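Letter by letter, the chains look like this.
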Amino acid sequence: AFCITLDELPDDLFSNTSPIVTDITDTSEMLGDTDCNGSVELTDAIKLAKAIASVEQISAQGSINSDLDRNGKVENNDLMLLLRVLAGAINIHSL
């Protein structure tokens, strides 16, 4: 299980009405892009959570993209890292 506390979220979390998208240019392997649509968004975290819960399947490339901790497995820690990236708590390029 994972938990993000409110104090970990940025103060201006809701000030931007546009979708949260990370700036990554390598489309062959886009870390965090679970659905392989070319951007990293909240929908990727939702799809990843469903995949971890065995409710939905992701593609082989989606699995590679979703392994944020690079341990060869897609699991809860990857989802926690993706949520922290989307919340702006960590930079995806630092992973």
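Since we're looking at a predicted model, the values are computed, not measured.

**Student:** Before we go on, may I ask you to explain the overall build of the protein chain in this structure?
**Tutor:** A count of helices and strands for the protein chain gives three helices and zero strands. The order of α-helices and β-strands along the protein chain, N terminus first, is α-α-α. Relative to its 95 residues, the protein chain shows a buried fraction of 31%. As displayed, the protein chain offers around 5800 Å² of accessible surface, 53% of which is attributable to carbon and sulfur atoms.

**Student:** Is there a simple way to think about helix α1 (residues 42–52) in this case?
**Tutor:** The α-helix winds at 3.6 residues per turn, so residues separated by three or four positions along the chain end up facing the same way. All buried positions along α1 are accounted for by Asp44, Ala45, Leu48 and Ala51. The buried side chains of α1 occupy one side of the element, clustering within an arc of 125° when seen end-on. Contact partners of the buried residues in α1: α2 (60–66) and α3 (76–86). Remark: serine 54 follows α1 within two positions and exhibits a positive phi of approximately 60°.

**Student:** Would you take a moment to explain the packing of α1 against α3 for this structure?
**Tutor:** Two packed helices can be described by the angle between their axes and the distance between those axes. Across the interface, α1 lies against α3 with an axial gap of 10 Å and an inter-helix angle of 165°. The pairing of α1 with α3 is recorded here as roughly antiparallel in orientation. Pair α1 / α3 crosses with left-handed handedness. Contacts between α1 and α3 involve Leu42, Asp44, Ala45, Leu48, Ala49 and Ile52 on the former and, on the latter, Asn76, Asp78, Leu79, Leu82, Leu83 and Leu86. Of the residues assigned to the contact of α1 with α3, the class counts are nine nonpolar, one polar and two charged.

**Student:** What is the right way to look at the nonpolar core in this model?
**Tutor:** Residues Val40, Ala45, Leu68, Leu82 and Leu86 are the most contacted members of the largest nonpolar core, which totals 13 residues. At the level of elements, α1 and α3 are the ones that each hand at least two residues to this core. Ranked by the residues each element gives to this core, the list is headed by α3, at six residues. Excluding residues that lie within four positions of it along the chain, alanine 45 makes contacts with Leu79, Leu82, Leu83 and Leu86.

**Student:** I'm lost on the confidence of the model for the protein chain in this one. Help?
**Tutor:** Interpretation of this model should avoid reading the predicted coordinates in detail wherever pLDDT is low. Confidence along the protein chain averages 82 in pLDDT terms, with 71% of residues attaining 70 or more. Predicted confidence in the protein chain is weakest over α2, with a mean pLDDT of 94, and strongest over α3, with 96. Contacts from residues 17–27, a stretch scored under 50 in pLDDT, to residues over four places away or in other chains number 16 contacts.

**Student:** Whenever I open this one, the side chain of aspartate 33 confuses me. Can you help?
**Tutor:** Take aspartate 33: it is sitting in the segment before α1. There is no salt bridge for the buried aspartate 33, and the closest opposite charge comes from lysine 47, which lies 9.8 Å off by N-O distance. Residues contacting aspartate 33, with those up to four places away along its chain left out, are Gly38, Ser39, Val40, Asp44, Gly62 and Asn65.

Reading the values: the criteria
- Residues numbered from 1 in each chain as written.
- Predicted model: local features only at pLDDT ≥ 70, side-chain atom pairs only at ≥ 80, totals over all residues.
- Heavy atoms only, no water.
- Helix = DSSP H or I, 4+ residues; strand = E, 2+ residues; numbered from the N terminus.
- Buried < 20%, exposed > 50% of the residue type's maximum accessible area, 1.4 Å probe, protein only.
- Areas by Shrake-Rupley, 256 points an atom, 1.4 Å probe, with all protein chains shown as cover.
- Arc of directions from axis to C-beta.
- Contact = heavy atoms within 4.5 Å.
- Axes fitted to C-alpha atoms, helices over the stretch in contact; angles between N-to-C directions.
- Parallel < 35°, antiparallel > 145°, perpendicular 65-115°, else oblique.
- Left-handed = near helix turned anticlockwise from the far one by under 90°.
- Nonpolar A, V, L, I, M, F, W, Y, C, P; charged D, E, K, R; others polar.
- Core = buried A, V, L, I, M, F, W, Y, C linked by side-chain atoms within 4.5 Å.
- pLDDT = per-residue confidence, 0-100.
- Lys, Arg positive; Asp, Glu negative; His and termini not counted.
- Salt bridge = Lys/Arg side-chain N within 4 Å of Asp/Glu carboxyl O.

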